[in-house]
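# An overview of the molecular structure
Here's the letter readout for the chains.
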Amino acid sequence: MTRSPRFRRAALITLGLVIVIALAAFPQLGPWLVVEDPLDKADAIVVLGGTMYERPLEAVDLYNAGYAPKIFLIREIPDWGERLLLERHIPIVRAVDIQIETLVKLGIPRDAIDVIEPSDNTAEEACHVRDMVAARKMSRVIIVTSMQHTRRARLVMRRRLTPVGAHVIMRGSKYDRAVLTPWWWRDRATFRFTLFETQRLLGYWIGVAD
């Protein structure tokens, strides 16, 4: 079927508009991924997995400021080497053990730190957090993660925790060194994380990711 010159002209104009809009929005994509909620006192601070110290350090600051009496760290899923050593009954120091030791050195009481079971992704983390919140009858939790993970993490956490009556306060770690300016794409680490989060967020919206 032959398209008329008028149709082709309209299609080119539409394509041009889409390209212009995309180019205009691109510089704001990195900063757009960052969301935060007003801080308020909560039952616990939950640190999502993914960084060794960047996220836990934010939890330390929140605890010291009196926002919550407990910090929950999420245990990393062991790699095959760790599993092999555990099967051979060889003691190992896990990442979460080092994090706990560091938090204690920073003045957090050991009995104020707890650990949530291993999770492979944000959706699994949200399920474990939901189970913990429901079991302890918590009504409000502060979720700490990296800056550009906050928008997607808030969607996932609210989806799981709202049904059990828990309010989510999303908090990005100020120790995150992501570049949150219109020039974010010039920083390699920020560029990669932005594209990953955008892809996952799009998958969440269209229902192919959780």
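From a predicted model like this one, the values you see are computed outputs, not experimental measurements.

Turning our attention to the environment of Pro27. As for its position among the elements, Pro27 is in helix 1 (residues 5-32). Residue Pro27 is classed as partly exposed on the basis of its relative accessible area of 23%. C-alpha of Pro27 to C-alpha of Trp185: the two residues are 158 residues apart in sequence and 7.8 Å apart in space. Setting aside chain neighbours within four positions, we find Pro27 in contact with Thr181, Pro182 and Trp184.

Another aspect to go through is the pattern of salt bridges. Considering all chains together, one arrives at 10 salt bridges under this definition. For the salt bridge of Arg171 with Glu58, the shortest nitrogen-to-oxygen distance reads 3.0 Å. Within this pair, whereas Arg171 is found in strand 5 (residues 167-172), its partner Glu58 is found in helix 2 (residues 54-64), the two being separated by 113 residues in sequence. The residues Arg171 and Glu58 share a single accessibility class, namely buried. Taking the shortest distance from any N to any O, the salt bridge between Arg152 and Glu197 comes out at 2.9 Å. In this pair, Arg152 sits in helix 6 (residues 150-161) while Glu197 sits in helix 7 (residues 188-206), placing the two residues 45 residues apart along the sequence. Its relative accessible area of 5% is what places Arg152 among the buried residues. A relative accessible area of 2% places Glu197 in the buried class. Put simply, Glu36, Glu58, Asp61, Arg171 and Lys174 are held in one network by salt bridges that share partners.

Scoring rules and cut-offs
Residues numbered from 1 in each chain as written. Predicted model: local features only at pLDDT ≥ 70, side-chain atom pairs only at ≥ 80, totals over all residues. Heavy atoms only, no water. Helix = DSSP H or I, 4+ residues; strand = E, 2+ residues; numbered from the N terminus. Buried < 20%, exposed > 50% of the residue type's maximum accessible area, 1.4 Å probe, protein only. Contact = heavy atoms within 4.5 Å. Salt bridge = Lys/Arg side-chain N within 4 Å of Asp/Glu carboxyl O.

The values are spatial; any link to function lies outside them.
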